[in-house]
Amino acid sequence: MTFDRLSWPRRTERLTLRPAETPDLPAVFAIRSRKEVAEWMPNHPTSYDEWLLKLGPVGVDRMLVIDLYGVVIGDLYLHVVDGWAQAEVKEVATRAQAEIGWCLSPDHQGHGYVTEATTELVRLCFEDLGVRRLVANAFADNVPSLRVMERLGMVCEGRFRSESLHRDHGWVDGITYALLRADWEG
Amino acid sequence: MGESSSEVTPFQRLSWPVRTDRLLIRPIEPPDLPAIFAIRSQAEVAMWLSGTVTDYDAFVEEWTTSDRFDTTLVVELGGKVVGDVFLRATDAWSQRETRDQARGTQGDIGWLVDPAYAGQGIATEAARALLALCFDGLGMRRVTAAAFADNTASLRVMEKLGMREEGRGVREALHRDRGWVDGVNAALLADEWRSIPD
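Calculation notes
- Residues numbered from 1 in each chain as written.
- Chains lettered and ligands numbered in written order.
- Predicted model: local features only at pLDDT ≥ 70, side-chain atom pairs only at ≥ 80, totals over all residues.
- Helix = DSSP H or I, 4+ residues; strand = E, 2+ residues; numbered from the N terminus.
- Buried ≥ 20, exposed ≤ 12 C-beta atoms within 10 Å, placed from the backbone.
- Contact = placed C-beta atoms within 7 Å.
- Core = buried A, V, L, I, M, F, W, Y, C linked by C-beta atoms within 7 Å.
- Nonpolar A, V, L, I, M, F, W, Y, C, P; charged D, E, K, R; others polar.
- Pairing = 2+ DSSP bridges.
- Right-handed = clockwise from strand over helix to strand, strands pointing away.
- Axes fitted to C-alpha atoms, helices over the stretch in contact; angles between N-to-C directions.
- Parallel < 35°, antiparallel > 145°, perpendicular 65-115°, else oblique.
- Left-handed = near helix turned anticlockwise from the far one by under 90°.

Engineer: I'm lost on the overall build of chain A in this one. Help?
Structural biologist: Of the regular secondary structure elements, chain A holds six helices and nine strands. Structurally, chain A occupies a C-alpha span of about 45 × 40 × 30 Å along its principal axes. Here chain A holds 186 residues, and 37% of them are scored as buried. Pairs at least 24 apart in sequence give 59% of the contacts found in chain A among residues at least 6 apart.

Given below as structure tokens:
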């Protein structure tokens, strides 16, 4: 497991980050089932049991919760993957890349919590997990998320026209941002 | 060949062979393997491929136990195999609620021509036929292609096809000789393709 190798919790100025555990999940669901949150998320869960079933152990393993003085106000996504490599050098690329994502309760927006949490997430990826490249994807119209990526120092690498199907907006553009450890350190 | 599935593969939904001005394009068959190996085992070809092939038996093993036979077409010029191209149906990304509508709506294509036949526009002619197969034959709405950024010949083909360079992954791909290098993603939508003048 990605998270087992690290020491927890991680503390920032105002927040505590830690791997999601079963007792956290109702609070995460309460946030993700809100319509305004689900707009840009991969799914809009309406039933807790169904959400939990589809999330599964794999989903929980990729989830950190953002804790503000004992209250779960959002979650972070972290998925470490192998970098793309030609066959002869595949081993070198093992677990070289990670995809990150985030979700914050609308009740707590506007205070910089996402930036604070994801700044720590980026540090954790580069310093503790030895990842060399971070990627984040978003719908092109999800402007707040793009702003977060920019604040993290991530660079826009592509805009993919009409590549993603949105349940309400139809086929829309997707955007990918990335950050190399070498650039982050520099 | 490869993983058998009860589902109809994209190739089974198309009629073969496909003829262009100079080329004949058809699904690969086992007797094509020596010719494909002869092309792919050349160092200048392998430079941009996902793996080097040096041993014929290992090559045959890999090709007959993967989905290669469901995704590879051979390109013939005057009865001789001068390259291979691939066409893979993929699922576009979708939110969960609409995922069924996104299934198989996207195509991923690639091409490779024997260096002995380079410089004659064969890759472009074959790839143009792939676009027609994707958009007209299979009703796809979007076609993508990817290449190492330094593979200028391949990038030129994308450009000639009218594919748009949409993304450049900075040092995202590990090359056996060159280290971490940039990758390029290009795409074309069905509407855009239909508006390209003949």
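Engineer: What am I meant to see in the environment of E163 of chain A here?
Structural biologist: With respect to the element layout, E163 of chain A can be found in strand β8 (residues 155-166). Among the residues examined, E163 of chain A registers 25 C-beta atoms within 10 Å and is labelled buried. C-alpha of E163 of chain A to C-alpha of V89 of chain A: the two residues are 74 residues apart in sequence and 30 Å apart in space. In contact with E163 of chain A, other than residues within four places in its own chain, are D173 and G174 of chain A together with A92, W93 and R142 of chain B.

Engineer: I would appreciate a short explanation of the nonpolar core in the present structure.
Structural biologist: A general feature of soluble globular proteins is that nonpolar side chains tend to end up buried together. One finds I66, L76, A117, L121, C125, L134 and A136 of chain A to be the most contacted residues of the largest nonpolar core, which totals 47 residues. Ranked by residues supplied to this core, first place goes to helix α4 (residues 113-128) of chain A with eight residues. Setting aside residues no more than four positions away along its own chain, A136 of chain A makes contact with E99, I100, G101, M149, M154 and Y177 of chain A. L73, A126, L131 and C134 of chain B belong to the second-largest nonpolar core, a separate cluster that totals 39 residues.

Engineer: Help me understand the interface of chain B and chain A in this model?
Structural biologist: One frequent convention defines the size of an interface as the accessible area lost when the parts assemble. Counting residues at the interface gives 28 residues for chain B, matched by 28 residues for chain A. For the side of chain B that touches chain A, the secondary-structure elements that each account for two or more residues are β5 (93-94), α5 (99-102), β8 (164-175) and β9 (179-189) of chain B. Examining the composition of the side of chain B that touches chain A, we find that 10 residues originate from one element, β8 of chain B, more than from any other. Residue classes in the side of chain B that touches chain A are distributed as eight nonpolar, 12 polar and eight charged. Relative to β5 of chain B, β8 of chain A runs parallel, the two sharing two bridges. Residue pairing for β5 of chain B: S164 of chain A is matched across the bridge by W93 of chain B.

Engineer: Can you help me understand unusual backbone geometry in this one?
Structural biologist: A cis amide bond, omega -5 degrees, links W8 of chain A with the succeeding residue P9 of chain A. Inspection of the secondary structure assignment puts P9 of chain A in the segment before β1 (10-11). In this model, W16 of chain B is joined to P17 of chain B through a cis peptide bond whose omega is -5 degrees. With respect to the helices, strands and loops of the structure, P17 of chain B is situated in the segment before β1 (18-19). Residues other than glycine seldom take positive phi values, yet S162 of chain A does so here, at roughly 55 degrees. Along the chain, the position of S162 of chain A falls in strand β8. Accessibility expressed as a C-beta count within 10 Å gives 18 for S162 of chain A, which makes it partly exposed.

Engineer: I'm lost on the pairing of β9 of chain B in this one. Help?
Structural biologist: Consecutive side chains along a regular strand alternate between the two faces of the sheet. Residues and elements named next belong to chain B. Looking at chain direction, strand β7 (residues 142-148) and β9 are connected through seven bridges and run antiparallel. When the bridges of β9 are listed, R142 appears paired with L189. As paired elements, β8 and β9 share eight bridges and run antiparallel to each other. Following the sheet pairing, G169 is matched in β9 by G183. Here β8 hands over to β9 after three residues, the two strands then running antiparallel side by side.

Engineer: Can you help me understand the pairing of strand β6 (residues 106-113) of chain B in this one?
Structural biologist: Residue and element names in this part refer to chain B. Most of β6 sits out of view: seven of its eight residues are buried. Taken together, the eight bridges between strand β4 (residues 80-90) and β6 define a ladder with antiparallel strand orientation. Considered in β6, the bridge of L87 is made with I109. In the classification by handedness, the crossover that spans β6, the intervening helix α6 (residues 122-137) and the parallel β7 is right-handed.

Engineer: I would appreciate a short explanation of the packing of α6 of chain B against helix α7 (residues 152-161) of chain B in the present structure.
Structural biologist: Each pair of packed helices gets described by two things: the angle between the helix axes and the distance between those axes. All names here are of chain B. Relative orientation of the contacting elements α6 and α7 amounts to 50 degrees, with a least axis distance of 10 Å. Between α6 and α7, the crossing angle belongs to the class labelled oblique. In the packing of α6 onto α7, the handedness of the crossing is right-handed. The residues of α7 that touch α6, namely those facing A123, T124, A127, R128 and L131, are V157, K160 and L161.

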